[in-house]
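Breakdown of the fold
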Amino acid sequence: MKVYNTLSRQKEEFVPLEDGKVKMYVCGPTVYNLIHIGNARPMIVFDTVRRYMEYKGYEVNFVSNFTDVDDKIIKKAVEEGVSAQEISQRYIKECKKDMAAMNVKPATTHPLATEEIDGMLQMISTLIEKGYAYPAGDGTVYFRTRKFKEYGKLSHKNLDDLQAGHREIKVTGEEKEDSLDFVLWKPKKEGEPYWESSWCQGRPGWHIECSVMSKKYLGEEIDIHAGGEDLIFPHHENEIAQSEACNGKVFAKYWLHNGFLNIDNKKMSKSLGNFFTVREISEKYDLQVLRFFMLSAHYRSPLNFSEELMEAAKNGLDRIRNGAENLKHLSKNAHIEEMTEEEKEIWEKSREFVTKFETAMDDDFNTADGISSVFELVKYANTKANGDSSREFLEGLYQRLVQLCDILGIIVEAKEEILDEEIEKLIEERQAARKEKNFARADEIRGMLLEQGIILEDTREGVKWKRA
Ligand code: AMP
Ligand code: ZN
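Throughout, a residue's number is its position along its own chain's written sequence, starting from 1. Chains carry letters from A onward and ligands carry numbers from 1 onward, assigned in written order. Per-residue local features are limited, in this predicted model, to residues with pLDDT of at least 70; the limit for side-chain atom pairs, both in listing and counting, is 80 or more; totals at the level of whole chains, interfaces and linings are taken over all residues. Here the side-chain values reflect all heavy atoms present in the structure, with hydrogen atoms and water set aside.

**A closer look at the sheet that holds strand β7 (residues 182-187)**
Short version of the rule: Two strands are said to pair when DSSP picks up at least two bridges between them. In DSSP terms, a helix is any run of H or I states spanning at least four residues, a strand is any run of E spanning at least two, and both are numbered starting from the N terminus. In this description, a line fitted to the C-alpha atoms serves as the axis of each element, helices being fitted only across the stretch in contact, and the angle between N-to-C directions of two axes falls anywhere from 0 to 180 degrees.
The antiparallel open sheet is built from 4 strands, whose spatial order is β5-β6-β7-β8. Each of the sheet's edge strands pairs with one partner strand only, and the pair in question is β5 (133-135) and β8 (202-204). When strand polarity is set aside, the average angle formed by the axes of neighbouring strands in this sheet is 20°. Relative to strand β6 (residues 141-143), β5 runs antiparallel, the two being bridged by 3 bridges.

As structure tokens, this is what we get:
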């Protein structure tokens, strides 16, 4: 299996640190709003990487954090007049709902930055002891960037170029020794959440969070560290500097980065306001369509979001699902149990599509080509399966298709549809919960229905619902 490593800018053979095991860390979202479909791209892509590794027999320890202390969270809390914790808890819950609806598996561990402060204080202290960090007069602790000789190895940036850029925007009054130095710990401002430390009452910088959470849950050396390409610099570059300076070991062997999800060829982002939330998309499409759309491009390529491409993804997914349904239907009505000799040959031949799928995925997770093999398998099955086929043959083809789709996180098995009466009953229960001001239960019911593809709309005439 070959993976593209941002560190070497090459595809490299994947060799895990420990036989049969993969330790993988994916930088998670900052939780102050519903996630947008740009944020969903690394979730879907690296969940697929994980699923493929598991298919290959690796035991994957998959850690992905939530950044739950940050300027944007605090700003939102101030706007709403609630605590920062209330904001982060709310959006972690919503994010987990979206992930489930996109069939992204929960991580082995989802650490929260605010629960790992002790580890951060420890790592910062070690960095100070080793001379890699220093506290300034106001209690801010900085990392001494130039002391880490390999700084820039991930982003392939040159320190002097960086410094030249910095000089132009240098803020006067800073107590940094060098403009390249970055923050590990910063003093609180009035009304902000803070923790005690020997330098000042304050909070951690963003980069130190991931270094610490990765170390705690996966150890000092890991196989894969991943995220969107905007994280290469400075976030991942700084993580490397902190972790390697502290632990004296190579932090991560392979660095994987997904390309941007764009809209009109511009990066989708909250700050530009050009985004769709996953929740908005779920009102129009089954989120399996979104997943299929994301995987129809190579994860490192930019991907432009458009209605046409979503429609194309929907049609493609329907083709696969129809193929699966057809096999299932034929199998239910089959009157011969075991495979005939002729079927055995066809069955053996269908293995070719699995091999092709694996070859594509072994080449830096080329899901686009992987999907083409799935289409070929569907086409092959459609031409070979009929009312006279044996159950064993039909079931075999069906399982082969389900297995490949499962690696992509695509569900082809037809879900039992929720009945109208059941929906009405749940809506009544939700109304009752709201009357009793039990909003948690009301939200939970809304979420349950959403997972089944049922969208509720509160109108003046009462609650209306529709199937997505
Ligand atoms: P953030 O909450 O901004 O830290 O982002 C969480 C994750 O989403 C990071 O891995 C980002 O790199 C990724 N991300 C944000 N916007 C996009 C985008 N438009 N396309 C792809 N990945 C993105
Ligand atoms: Zn991170």
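From this point on, the discussion continues.
**A few points about helix α14 (residues 420-435)**
Under the convention used in this document: Helix span, expected: 1.5 Å multiplied by one less than the number of residues in the helix. Whether a residue is buried, partly exposed or exposed follows from its accessible area with a 1.4 Å probe, protein chains only, as a fraction of its type maximum: under 20%, in between, or over 50%, in that order. The arc in question is the one spanned by the directions pointing from the helix axis to the C-beta atoms. Whether two residues touch is decided by their heavy atoms; if any such pair falls within 4.5 Å, the residues are in contact.
With 16 residues, α14 should reach 22 Å at 1.5 Å per residue; the first-to-last C-alpha distance of 23 Å fits that figure. Taken together, the buried positions of α14 are occupied by I423, L426, I427, R430 and A433. Buried residues of α14, viewed axially, fall in a sector of 120°; they line one side. Residues of α14 that are exposed and angled more than 90 degrees away from the buried face: E421, K425, E428 and K435. Taken together, the buried residues of α14 touch α15 (439-451), β14 (454-459) and β15 (462-467). In the stretch just after α14, K437 is the one whose phi turns positive, near 60°.

**Let's talk about unusual backbone geometry**
Geometrically, the link from F233 to P234 is a cis peptide bond, its omega value of 0° lying close to zero. Turning to its location among the elements, P234 is positioned in helix α7 (residues 232-247). Although it is not a glycine, N265 adopts a positive phi angle of roughly 60°. Residue position: N265 is located in the loop between β11 (261-263) and β12 (266-267). Note on N265: relative accessible area 62%, which makes it exposed. Here the phi dihedral of D364 falls at roughly 55°; this positive angle occurs in a residue that is not glycine. Considering the arrangement of structural elements, one finds D364 in the loop between α11 (341-362) and α12 (367-384).

**Examining the nonpolar core**
For the record, the criterion: By nonpolar core we mean a set of buried residues, namely Ala, Val, Leu, Ile, Met, Phe, Trp, Tyr and Cys, connected to one another through side-chain atoms within 4.5 Å.
Counting residues in hydrophobic clusters, the biggest one holds 91 residues, and the most contacted among them are M53 and M102. Apart from the residues within four sequence positions on either side, M53 is in contact with M1, F14, V22, Y58, V60, I224 and F365. Ranked by size, the runner-up nonpolar core spans 41 residues in total, among them A113, M123, C210 and A245.

**Section: the coordination of the zinc ion (ligand 2)**
The following threshold applies: Distances decide who is a donor: an N, O or S atom must be within 2.8 Å of the metal, or within 3.2 Å for Na, K and Ca. Water is not included, so sites may look incomplete.
Distances from the zinc ion (ligand 2) to its protein donors, C27 (SG), C210 (SG) and H235 (NE2), fall within 2.0 to 2.2 Å. Spacing between the donor residues of the zinc ion (ligand 2) along their common chain follows C-x182-C-x24-H. On the criterion of sequence distance, the pair formed by C27 in the loop between β3 (21-26) and α1 (37-55) and H235 in helix α7 is long-range, its members being 208 residues apart. Overall, C27 belongs to the buried group, its relative accessible area being 11%.

**Quick notes on the site of ligand 1**
Which entries qualify depends on this criterion: Residues are classed as near a molecule or strand on a simple rule: at least one heavy atom within 4 Å of it. By the criterion applied in these results, polar contacts are pairs of N or O atoms within 3.5 Å in which, for protein atoms, one can donate a hydrogen and the other can accept it, and in which residues neighboring in sequence qualify only through two side-chain atoms. The Shrake-Rupley method, run with a 1.4 Å probe sphere, supplies the accessible areas, and residue values consider only the shown protein chains as cover.
Residues in contact with ligand 1 amount to 16 residues; listed here are only the nearest, T30, G228, D230, L261 and M268. At 2.4 Å from an oxygen atom of ligand 1 is found a side-chain nitrogen or oxygen belonging to D230. M268 places a polar main-chain atom, nitrogen or oxygen, 2.8 Å from a nitrogen atom of ligand 1. Here ligand 1 loses 89% of its free accessible area of 490 Å² to cover by the protein chains. If you list the elements that add at least two residues to the shell around ligand 1, you get α1 and β9 (222-228).

**Comments concerning the sheet that holds strand β10 (residues 252-258)**
Spatial ordering of the open sheet is given by β4-β3-β9-β10, a layout of 4 strands whose pairing is parallel. Strands with a single pairing partner mark the edges of an open sheet, and in this sheet they are β4 (59-64) and β10. Looking at each pair of strands side by side, their axes are set apart by 20° on average, direction ignored. Of the strand pairs in this sheet, β3 and β9 are connected by 3 bridges, and their pairing is parallel. Bridged to V26 within β9 is A226. On the sheet, helix α6 (residues 206-218) packs against β3, β4 and β9 and is oriented at approximately 155° with respect to β3. Along the sheet, α7 makes contact with β9 and β10, crossing β9 at roughly 160°.

**Regarding the pattern of salt bridges**
Put simply, the test is: Salt bridges are identified by distance alone: a Lys or Arg side-chain nitrogen within 4 Å of an Asp or Glu carboxyl oxygen.
Scanning the entire structure with this criterion turns up 41 salt bridges. A salt bridge links E18 to K21; its shortest N-O distance comes to 3.6 Å. Among the residues examined, E18 registers a relative accessible area of 37% and is labelled partly exposed. The salt bridge partner of E79 is K75, with a shortest N-O separation of 3.5 Å. Here K75 and E79 lie together in helix α2 (residues 71-80), a separation of 4 residues that amounts to about one turn. Sharing partners across several salt bridges, the network here consists of D47, R51, R291 and D406.

**Remarks on empty space enclosed by the protein**
Heads up, the condition is: A pocket, in this scheme, is an open set of points on a 1 Å grid over the protein atoms alone with protein on both sides within 12 Å along at least 5 of 7 lines, while a cavity is a set where a 1.4 Å probe fits but cannot get out; residues line either one if an atom lies within 4 Å of a point. Grid points are joined across faces, edges and corners, and a volume is the space filled by probe spheres set on the points. The nonpolar class holds Ala, Val, Leu, Ile, Met, Phe, Trp, Tyr, Cys and Pro. Asp, Glu, Lys and Arg form the charged class, and all remaining residues, Gly among them, are polar.
This model, assessed by the stated rule, comprises 2 cavities of 30 Å³ or more. Where the lining of the largest cavity is concerned, the elements lending two or more residues are α1 and α9 (287-295). In terms of residue count, α1 provides more of the lining of the largest cavity than any other element does, 3 residues in total. Classifying every residue of the lining of the largest cavity by side-chain character gives 7 nonpolar, 2 polar and no charged. Elements with a minimum of two residues in the lining of the second largest cavity: α3 (84-101) and α15. Per-class residue counts for the lining of the second largest cavity are 2 nonpolar, 1 polar and 2 charged.

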